Amino acid sequence: VVMGSNSVPLYTTALCTYYYCKLNKKMTDSYYCRKFEKKIHFLIISYVLTYTITALARGNINPIPGGGLCHIAVSPLQCRTYPEIVGECSRGLDTISFLTINFIVNGICMAAIIT
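Keep in mind the model is a prediction, meaning the values are calculated, not measured.

With reference to specific residues and values, describe helix H4 (residues 95-114).
Since the α-helix packs 3.6 residues into each turn, any two residues three or four apart lie on the same face. The terminal C-alpha atoms of H4, which comprises 20 residues, lie 28 Å apart, in line with the 28 Å expected from a rise of 1.5 Å per residue. All of the buried residues in H4 are Thr95, Phe98, Asn102, Val105, Asn106 and Cys109. Down the axis of H4, the smallest arc covering the buried residues is 105°, so these residues share one side. Residues of H4 that are exposed and point over 90 degrees away from its buried face: Ile96, Phe103, Ile108 and Ile114.

Lay out the pattern of salt bridges with the relevant residues and their values.
According to the stated counting rule, one finds 2 salt bridges in the structure shown. Of the charged contacts in the structure, one is a salt bridge between Asp29 and Lys22, with a shortest N-O distance of 3.1 Å. Judged by relative accessible area, Asp29 falls into the partly exposed class, the value being 41%. In this structure, the salt-bridge partner of Arg58 is Asp94, at a minimum N-O distance of 2.7 Å. Note that Arg58 is positioned in the loop between helix H2 (29-57) and strand E1 (61-63) and Asp94 in the loop between helix H3 (83-86) and H4, a separation of 36 residues in sequence. Classification of Asp94 by relative accessible area gives buried; the value is 17%.

Account for the state of the cysteines, with residues named and values stated.
In the structure shown here, the tally under the stated rule is 1 disulfide. Between the sulfur of Cys79 and that of Cys89 lies a disulfide, 1.9 Å long from S to S. For the disulfide bridge between Cys79 and Cys89, the dihedral angle about the S-S bond is near 100°, and by the sign convention the bridge is right-handed. With Cys79 in the loop between strand E2 (70-72) and H3 and Cys89 in the loop between H3 and H4, this pair connects stretches of sequence that are 10 residues apart. Cys89 matches Cys79 in its accessibility class, with the two residues each being buried. In this model Cys16 remains outside any disulfide bridge; the closest cysteine sulfur is found in Cys109, 9.8 Å from its own.

Could you give me a rundown of H2, with the residues and numbers involved?
With 29 residues, H2 ought to run about 42 Å at 1.5 Å a step, and its terminal C-alpha atoms sit 39 Å apart, in line with that. Its axis deflected by about 45° at Phe36, H2 carries its strongest bend there. For H2, the full list of buried residues reads Tyr32, Ile44, Val48, Tyr51, Thr52 and Ala55. Contacts from the buried residues of H2 go to helix H1 (2-23), E1, E2 and H4.

So what's going on with the packing of aromatic side chains? Which residues, and what values?
A complete count under the given rule lists 5 aromatic pairs for this structure. Ring centres 5.2 Å apart and planes at 70° place the aromatic pair Tyr18 and Tyr32 in the edge-to-face group. One end of the pair, Tyr18, is in helix H1; the other, Tyr32, is in helix H2, with 14 residues separating them in the sequence. On the basis of an interplanar angle of 40° and a centroid distance of 5.5 Å, the ring pair of Tyr32 and Phe36 is categorised as tilted. Placement of both Tyr32 and Phe36 in helix H2 is noted, with a separation of 4 residues, approximately one turn of the helix. What links up through ring pairs into an aromatic cluster is the set Tyr18, Tyr19, Tyr32 and Phe36.

Rules and cut-offs
- Residues numbered from 1 in each chain as written.
- Predicted model: local features only at pLDDT ≥ 70, side-chain atom pairs only at ≥ 80, totals over all residues.
- Heavy atoms only, no water.
- Helix = DSSP H or I, 4+ residues; strand = E, 2+ residues; numbered from the N terminus.
- Expected span 1.5 Å × (residues − 1).
- Buried < 20%, exposed > 50% of the residue type's maximum accessible area, 1.4 Å probe, protein only.
- Arc of directions from axis to C-beta.
- Salt bridge = Lys/Arg side-chain N within 4 Å of Asp/Glu carboxyl O.
- Disulfide = S-S within 2.5 Å.
- Bend = angle between axes of the 7 residues up to and from the residue.
- Contact = heavy atoms within 4.5 Å.
- Phe/Tyr/Trp six-rings, centres within 6.5 Å; stacked < 30°, edge-to-face > 60°.

These values are about where atoms sit, not about what they do.
Next comes the structure, spelled out in structure tokens:
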């Protein structure tokens, strides 16, 4: 889920870039593939793998409220809101940093798509 939620906006931006180059710059498919496509795939896959592996290694991937899947979250659930009830946070102490990075990257992608 973490990899997918990070790669979707990046690949959407890449697809928009492809259509921009195809329609506005009149690039052929072979030229776009040769000059951009492999680099774009490499950058996206490198970023997503680095982000996900780092989050996993630092203990930031935990069950989210509602259950059923894991994402960037603290553990135990609600430990920041109700530490007296559920106890102190034991994992995912820097989730805010990871989520901030994710929001910034997604914001840049959205700005690139809009403009």
